[in-house]
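A closer look at the structure
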Amino acid sequence: KLEFMERTLAIIKPDAVAARSTGAILQRAEGAGFSIVAMRLVRLSKRDAEGFYAVHRERPFFSELTAFMSSGPSVVLALAAPDAIKRWRALMGATDPAQAEEGSLRREFGRSIENNATHGSDGLETAAFELNYFFRGLELG
Ligand code: ATP
Ligand code: MG
């Protein structure tokens with residue numbers, strides 16, 4: 001049953017939305033067995049992006065990352081599947097599209113380590129934080 005399945009927070013990043021890859025990425029997600037539990041098009045402010053990526057605030061690329069993430073609309077998604085967190089990261093491929101596996105989303109849709117098309121939560125705790133960052137409990141069914 002969907003309500004007992006693991007969920008992950010996925011983002012179709014501004015580069016992929018601008019490239020009109022949203023539909024293709026959603027098709028890949030559903031084709032791989034993920035159910036869309038909640039979905040919204042959002043234009044993050046710089047502060048929204050900083051709050052979302054707060055774990056990376058000490059990293060040298062933090063300001064570029066949050067500028068990019070607030071540069072245009074993103075699609076935020078709650079995806080459900082057995083083992084959703086790990087399986088979505090596998091479908092996305094490595095952070096750097098040049099290193100990402102053949103057939104992965106980042107290999108197909110990403111252009112650089114920064115413009116890498118998609119995001120996925122990296123663990124149960126981050127998934128809980130990130131789902132809650134974008135969606136109200138009711139929207140998650
Ligand atoms: P995400 O969290 O977006 O799913 P990830 O978990 O594969 O990606 P993280 O280490 O969490 O990678 O980095 C978050 C994001 O920061 C990456 O998706 C990427 O866009 C950007 N990033 C990571 N490393 C670098 C880097 N060395 N230079 C520039 N940007 C980077
Ligand atoms: Mg990450």
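The present account deals with the structure reproduced in this document. Here the structure is a predicted model, which is why all the values come from computation and not from measurement. Sequence order as written defines the numbering, with residues in each chain counted from 1. In the order they appear in the text, chains get letters beginning with A and ligands get numbers beginning with 1. Whole-chain, interface and lining totals are the exception, using all residues; otherwise, since this is a predicted model, local features are given only for residues with pLDDT of at least 70 and side-chain atom pairs are given and counted only at 80 or more. Each side-chain value is worked out from all heavy atoms of the structure, with water and hydrogens disregarded.

**Observations concerning the overall build of the protein**
Looking only at helices and strands, one finds seven helices and four strands in the protein. Each helix and strand of the protein, ordered N terminal to C terminal, gives the series β-α-α-β-α-α-β-α-α-β-α. The reference for a compact globule is 2.2 Å times residues^0.38; the radius of gyration itself is calculated from the C-alpha atoms. Taking 14 Å as the expected radius of gyration for a compact globule of 141 residues, we find that the protein reaches 14 Å, a close match to that expectation. C-alpha extents for the protein along the principal axes are approximately 40 × 35 × 25 Å. Secondary structure is summarised from DSSP: a helix means a run of H or I of at least four residues, a strand means a run of E of at least two, and numbering begins at the N terminus for each.

**Considering the sheet that holds strand β3 (residues 74-80)**
Pairing between two strands requires that DSSP report at least two bridges joining them. Strand order in the open sheet formed by four strands is β2-β3-β1-β4, and the pairing between neighbours is antiparallel. The strands lining the two open edges of the sheet, one partner per strand, are β2 (35-42) and β4 (118-120). Sheet twist, expressed as the mean angle between neighbouring strand axes with direction ignored, is 20°. For strand β1 (residues 7-12) and β4, the ladder comprises three bridges, and the chain directions are antiparallel. Residue I11 lies in a different strand from β4, and its bridge partner there is H119. For this analysis, residues touch if any pair of their heavy atoms sits within 4.5 Å. Angles here are taken between N-to-C directions and fall from 0 to 180 degrees, while the axes themselves are lines fitted to C-alpha atoms, restricted in helices to the stretch in contact. On the sheet, helix α5 (residues 84-92) packs against β1, β3 and β4 and is oriented at approximately 155° with respect to β4. Across the sheet, helix α7 (residues 124-134) touches β1, β2, β3 and β4, and the angle it forms with β1 is around 60°.

**Description of the site of ligand 1**
Ligand 1 sits among 14 residues. The nearest are Y53, H56, T95, I113 and N116. Polar contacts, as used here, are pairs of N or O atoms within 3.5 Å; protein pairs need one atom able to donate a hydrogen and one able to accept it. Residues neighboring in sequence count only if both atoms are side-chain atoms. Within the contact set of ligand 1, an oxygen atom lies 3.1 Å away from a side-chain nitrogen or oxygen of R89. The protein chains hide 81% of the 580 Å² of surface that ligand 1 would expose on its own. Throughout, the ten residues Ala, Val, Leu, Ile, Met, Phe, Trp, Tyr, Cys and Pro are labelled nonpolar, Asp, Glu, Lys and Arg are labelled charged, and all others, Gly among them, are labelled polar. When grouped by side-chain class, the residues that make up the shell around ligand 1 number four nonpolar, five polar and five charged. Note on definitions. A residue lies near a molecule or strand when any single heavy atom of the residue is within 4 Å of it. Under the convention used here, a 1.4 Å probe and the Shrake-Rupley method define accessible areas, while residue burial counts only the protein chains that appear.

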